[in-house]
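An overview of the molecular structure
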Amino acid sequence: MSVLVTGGAGFAAGHLLDVLRAPDPAATPRIVAWHRPGGHPPPAAAANVTWRGVDLLDAGAVDAAIAADPPDQVYHLAGATHQGKSFAQPTDVLRVNAMGTDHLLRALARHAPRARALVTSTGFVYQPGEIATDEDAPLRPASPYALSKLAQEMVARHAGATTTVEVIVCRPFNHLGPGQSADYFAPNFARQIAAIARGQSDPVLMVGNLTARRDLSDVRDVVRAYAGLMAGGTPGEVYNVCSGQAVAVHDVLDGLIALSGVRVDVQVAPELLRPVDQPLLLGTRDKIAAAIGWAPAIPLSDTLRDLLAEWSAIPSPDA
């Protein structure tokens, strides 16, 4: 069994690699991970993984890489992932997420026609509303990032319908956990709180919109869902990957502050506010539960504790 993970140096992929590597090396599939040439270097800790630098926007390079080493399974995690930054670079985000996926799936159809591919979209493709959304809910992306992911879905579903590649699409909602960039709200809070606790910063915490409510899952639960869908999902189907519960951003902040024990002054920074920030994003997980029996297992309190511990472990410059 040969498994390809695109975006292998990214946040979720690092945790997925942990899931794919079995305790018994003899039972671990042969794993190839792609990373963007010139981007984040592959993590040194990811043992038993063959790393290759492949630019998804280079159709020839993608085709050559697949032809040289056709995979049996593909977890397509590569792409532009930051919704806030997409407003400044909408064309780049669309190219990476839609065209990059097209290049990958065309190469699979040519050189690995029996492959099974999981394409990761986002819950932000749904029309904003005040109720939980199932997989048949109306779609209306509210950001360039979400639009690019809907385009990616269309590319993926077309490939699944017109080639022999088995394509499954999943829509993960917000996920967080150790290893996540401080570009995202929860690790950003944890980074600032840890710096205040160490005495490196004044007790002032800068935030964006705290009223938004998000469906939050631990990344370690999310990648379990990815592995489960690869094994038991139905090709051609779309699955939400979500907790089914909405949490206000200010509750995440309050939880981290309570865990730290520090006193802070919370201030809204205009530059952290987005042009569009839907009030609620909440999904239903009935379909994935019925298909593979998946449910999130890690409580948010544990995720926040791990996040804060990670940022608190960063040594002080004076140490």
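**A short note on the sheet that holds strand β14 (residues 280–281)**
- On the basis of which strands lie adjacent, the open sheet formed by three strands has the order β12-β9-β14 and mixed pairing. Bordering the open sheet on either side are β12 (246–248) and β14, each of which pairs with just one other strand.
- Taken together, the two bridges between strand β9 (residues 213–215) and β14 define a ladder with parallel strand orientation. Paired with arginine 213 across the strands is leucine 280, a residue of β14.

**A few points about the packing of helix α8 (residues 249–260) against helix α10 (residues 300–312)**
- At a minimum axis distance of 10 Å, the contact between α8 and α10 shows a crossing angle of 60°. Comparing the axis directions of α8 and α10 gives the class oblique. Note on packing geometry: the crossing formed by α8 with α10 is right-handed. Only Ser301, Leu304, Arg305 and Leu308 of α10 make contact with α8, whose side of the interface consists of Val252, Gly255, Leu256, Leu259 and Ser260.
- Taken together, the residues of the contact of α8 with α10 sort by class into five nonpolar, three polar and one charged.

**Some thoughts on empty space enclosed by the protein**
- Summed over the entire model, instances satisfying the criterion amount to three cavities of 30 Å³ or more.
- Put simply, the largest cavity is a space of about 60 Å³.
- When grouped by side-chain class, the residues that make up the lining of the largest cavity number six nonpolar, four polar and no charged.
- Roughly 50 Å³ of volume is contained in the second largest cavity.
- Around the second largest cavity, the lining residues are Ser2, Val3, Leu4, Val32, Trp34, Arg52, Ala65, Ile66, Asp69 and Pro71.
- Breaking the lining of the second largest cavity down by element, the ones donating at least two residues are β1 (2–6), β2 (30–35) and α2 (59–68).
- Taken together, the residues that form the lining of the second largest cavity break down as seven nonpolar, one polar and two charged.

**So, the packing of helix α1 (residues 11–20) against helix α7 (residues 219–232)**
- Relative to each other, α1 and α7 sit at 65°, their axes nearing to 9 Å. Crossing hand, α1 versus α7: right-handed. Note on element contacts: α7 touches α1 through Val219, Arg220, Val223, Tyr226 and Ala227, opposite Phe11, Ala12, His15, Leu16 and Val19.
- Residues of the contact of α1 with α7, tallied by class, amount to eight nonpolar, one polar and one charged.

**What about the sheet that holds strand β11 (residues 238–241)?**
- Pairing within the open sheet is parallel, and its seven strands lie in the order β3-β2-β1-β4-β5-β6-β11. The two strands at the open ends of the sheet, each matched to only one other strand, are β3 (49–53) and β11. Each neighbouring strand pair of the sheet contributes to a mean axis angle of 20°, computed without reference to strand direction.
- Against the sheet, helix α5 (residues 144–162) touches β4 (73–76), β5 (116–120), β6 (166–172) and β11, its axis set at about 160° to β6.

What counts and how
Residues numbered from 1 in each chain as written. Predicted model: local features only at pLDDT ≥ 70, side-chain atom pairs only at ≥ 80, totals over all residues. Heavy atoms only, no water. Pairing = 2+ DSSP bridges. Helix = DSSP H or I, 4+ residues; strand = E, 2+ residues; numbered from the N terminus. Axes fitted to C-alpha atoms, helices over the stretch in contact; angles between N-to-C directions. Parallel < 35°, antiparallel > 145°, perpendicular 65-115°, else oblique. Left-handed = near helix turned anticlockwise from the far one by under 90°. Contact = heavy atoms within 4.5 Å. Nonpolar A, V, L, I, M, F, W, Y, C, P; charged D, E, K, R; others polar. 1 Å grid on protein atoms, 1.4 Å probe; cavity = no way out; pocket = protein on both sides within 12 Å on 5 of 7 lines; lining within 4 Å. Points joined across faces, edges and corners; volume = space filled by probe spheres on them.

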